[in-house]
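# Residue-level structure breakdown
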Amino acid sequence: MIEKLLPEKHHAEETLSRSVVKTISYRLVILVLDFTSIYLFTGQVKIAFGFMLVSNIYTTVAYFLHERIWDKIKWGKNIYRKLDEKLPG
């Protein structure tokens, strides 16, 4: 949306550091949700903590890889060029 308001800005791929920060912030939210939901079902802190820890290790890696792969896919992206930038060809 902001790109449409500021068409002079050039769209760029997401940086690695941005993907890492997004992954960490998302996982923190999921950690809390996982722990809370498992604790409510079991009433046991150790089980809730164990599940939360194990599941979030492999799902964090999966999320990060998913984000990086989707960033490479051009489908569904609006790409705006600066007004003074020449088109290839």
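Residues numbered from 1 in each chain as written. Predicted model: local features only at pLDDT ≥ 70, side-chain atom pairs only at ≥ 80, totals over all residues. Heavy atoms only, no water.

## Some thoughts on the packing of aromatic side chains
We apply this condition: What counts as a ring pair is set by centres within 6.5 Å for rings of Phe, Tyr and Trp (its six-membered ring), and what kind of pair is set by the plane angle: stacked under 30 degrees, edge-to-face over 60, tilted for all other angles. By the criteria applied, helices consist of DSSP H or I runs no shorter than four residues and strands consist of E runs no shorter than two, each listed in order from the N terminus. The buried label applies to any residue whose accessible area, calculated with a 1.4 Å probe on protein chains only, is under 20% of its type's maximum; exposed applies above 50%, and partly exposed to all values in between.
Following the criterion strictly, the structure yields three aromatic pairs and no others. Aromatic pair F35 and Y39: ring centres 6.1 Å apart, planes at 5 degrees, arrangement stacked. With F35 and Y39 both in helix α2 (residues 16-42) and four residues apart, this pair spans about one turn of that helix. When its relative accessible area of 25% is taken as the criterion, F35 is described as partly exposed.

## Observations concerning α2
Two residues of an α-helix separated by three or four positions point the same way, owing to the 3.6 residues in each turn. Filter applied, for reference: Take the number of residues in a helix, subtract one, and multiply by 1.5 Å to get its expected span. When checking whether two residues touch, look at their non-hydrogen atoms; a contact exists if any pair is within 4.5 Å.
Taking 1.5 Å as the rise per residue, α2 with 27 residues should run 39 Å; its terminal C-alpha atoms sit 38 Å apart, in good agreement. Among the residues of α2, S19, T23, R27, I30, D34 and I38 are the ones counted as buried. As for α2, its buried residues are in contact with α3 (45-72). Among the residues trailing α2, G43 stands out with phi positive, at a value near 75 degrees.

## Regarding the packing of α2 against α3
Going by this rule: Axis definition: a line fit to C-alpha positions, over the contact stretch in the case of helices; interaxial angles, taken between N-to-C directions, run 0 to 180 degrees. In this scheme, roughly parallel covers angles under 35 degrees and roughly antiparallel covers those over 145, while 65 to 115 is roughly perpendicular and the rest are oblique. Two helices that cross are described as forming a left-handed crossing if the nearer one is turned anticlockwise from the farther one by less than a right angle, and a right-handed crossing if clockwise.
Two elements in contact, α2 and α3, have axes separated by 8 Å at closest approach and are oriented at 150 degrees. Relative to α3, the element α2 is oriented roughly antiparallel. The handedness of the crossing between α2 and α3 is right-handed.

## Points about the side chain of S19
Locating S19 in the fold gives a position in helix α2. When sequence neighbours within four positions are dropped, the list of residues in contact with S19 reads E14, F64 and R68.

## Details of the side chain of N56
Relative to the elements of secondary structure, N56 occurs in helix α3. Residue contacts for N56: discarding those within four places in its chain leaves R27, I30, L31 and D34.

## A closer look at α3
We count it as follows: The seven residues ending at a residue and the seven starting there each receive a fitted axis; the angle between those axes is the bend at that residue.
With 28 residues, α3 should cover 40 Å at 1.5 Å per step; its first-to-last C-alpha distance of 40 Å lies within 8% of that length. The sharpest bend along α3 measures roughly 30 degrees and falls at N56. Considering only its buried residues, α3 is in contact with α2.

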